[in-house]
Amino acid sequence: MSKVEQAKKVKVATLSDLTVGVGKRVKVAGEEIALFKLKSGKISAIENSCPHKAGPLSEGIVSGDHVFCPLHDWKICMTDGQVQAPDVGCVKKYEVEVVEDTIYILID
Ligand code: FES
């Protein structure tokens, strides 16, 4: 069975629930996820916990495709989940599917 067939598709929001540059916290299968609408219109979903000391990334400041953790300002790329230098680490990224106005997260 492919990964997509095994994944569960969960409705988490609609496009109109999101504002560019403002994160939204959602919970799927016990996991907290930070949802963002990027300037490009793309939807990004990352773990809502900074790899440094678990800062809530959904409350971070957004700049382009990056979010700055609200606690100590680590810069995290929302397209690949990588922490930017000089800090190191990464957050889990979630697959997102948008069907018309509805946003789904695919979760294992
Ligand atoms: S908890 Fe995110 S930078 Fe410290």
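The numbering scheme is per chain: residues are counted from 1 as the chain's sequence reads. Reporting of local features is limited, given that this is a predicted model, to residues whose pLDDT is at least 70; pairs of side-chain atoms are given and counted only at 80 or more, and all residues count toward the totals for whole chains, interfaces and linings.

### With respect to the sheet that holds strand E4 (residues 43–47)
Move 1: Two strands qualify as a pair provided DSSP detects at least 2 bridges between them. The way it works is that DSSP assigns letters per residue, a run of H or I at least four long becomes a helix, a run of E at least two long becomes a strand, and they are numbered from the N terminus. Strand order in the open sheet formed by three strands is E2-E3-E4, and the pairing between neighbours is antiparallel. This sheet does not close on itself; its edge strands, each paired only once, are strand E2 (24–28) and E4. Between one strand axis and the next, the sheet turns by 35° as a mean value, whatever way the strands run. A fitted line through C-alpha atoms serves as each axis, taken over the contacting stretch for helices, and the angle formed by two N-to-C directions is quoted from 0 to 180°.

### Comments concerning the nonpolar core
Move 1: Of all hydrophobic cores here, the largest spans 22 residues; its most connected members are Ile33, Leu35, Ala45, Ile46, Leu57 and Ile76.
Move 2: Broken down by secondary-structure element, the contributors of at least two residues to this core are strand E3 (31–37), E4 and strand E9 (102–107).
Move 3: Here contacts are defined at the residue level, using C-beta atoms placed from the backbone and a cut-off of 7 Å between them. Among residues more than four places away in sequence, those in contact with Ile76 are Leu57, His66, Val67, Cys69, Val83, Gln84 and Val91. Think of a nonpolar core as buried Ala, Val, Leu, Ile, Met, Phe, Trp, Tyr and Cys residues, each tied to the set through C-beta atoms within 7 Å. Residue burial here comes from a neighbour count, namely the number of other C-beta atoms, placed from the backbone, that lie within 10 Å of the residue's own C-beta, with 20 or more meaning buried, 12 or fewer meaning exposed, and in between meaning partly exposed.

### A short note on the pairing of E9
Move 1: Here six bridges tie strand E1 (residues 8–14) to E9, and the two strands are oriented antiparallel to one another. Within E9, the residue paired with Lys9 across the bridge is Leu106.
Move 2: Looking at chain direction, strand E8 (residues 95–99) and E9 are connected through five bridges and run antiparallel. Each bridged residue has a counterpart across the sheet, and for Val99 the counterpart in E9 is Thr102.
Move 3: In this antiparallel pair of consecutive strands, E8 and E9, the connection spans two residues, and Glu100 shows a positive phi of 55°.

### Quick look at the environment of Gln84
Move 1: Counting through the fold element by element, Gln84 comes out in the loop between strand E7 (75–77) and E8.
Move 2: Leave out the neighbours within four places in its chain, and Gln84 touches His66, Lys75, Ile76 and Cys77.

### Some thoughts on the environment of Ser63
Move 1: With respect to the secondary-structure elements, Ser63 resides in strand E5 (residues 61–63).
Move 2: Considering only alpha carbons, one finds Ser63 and Ile103, 40 residues apart in sequence, at a separation of 22 Å.

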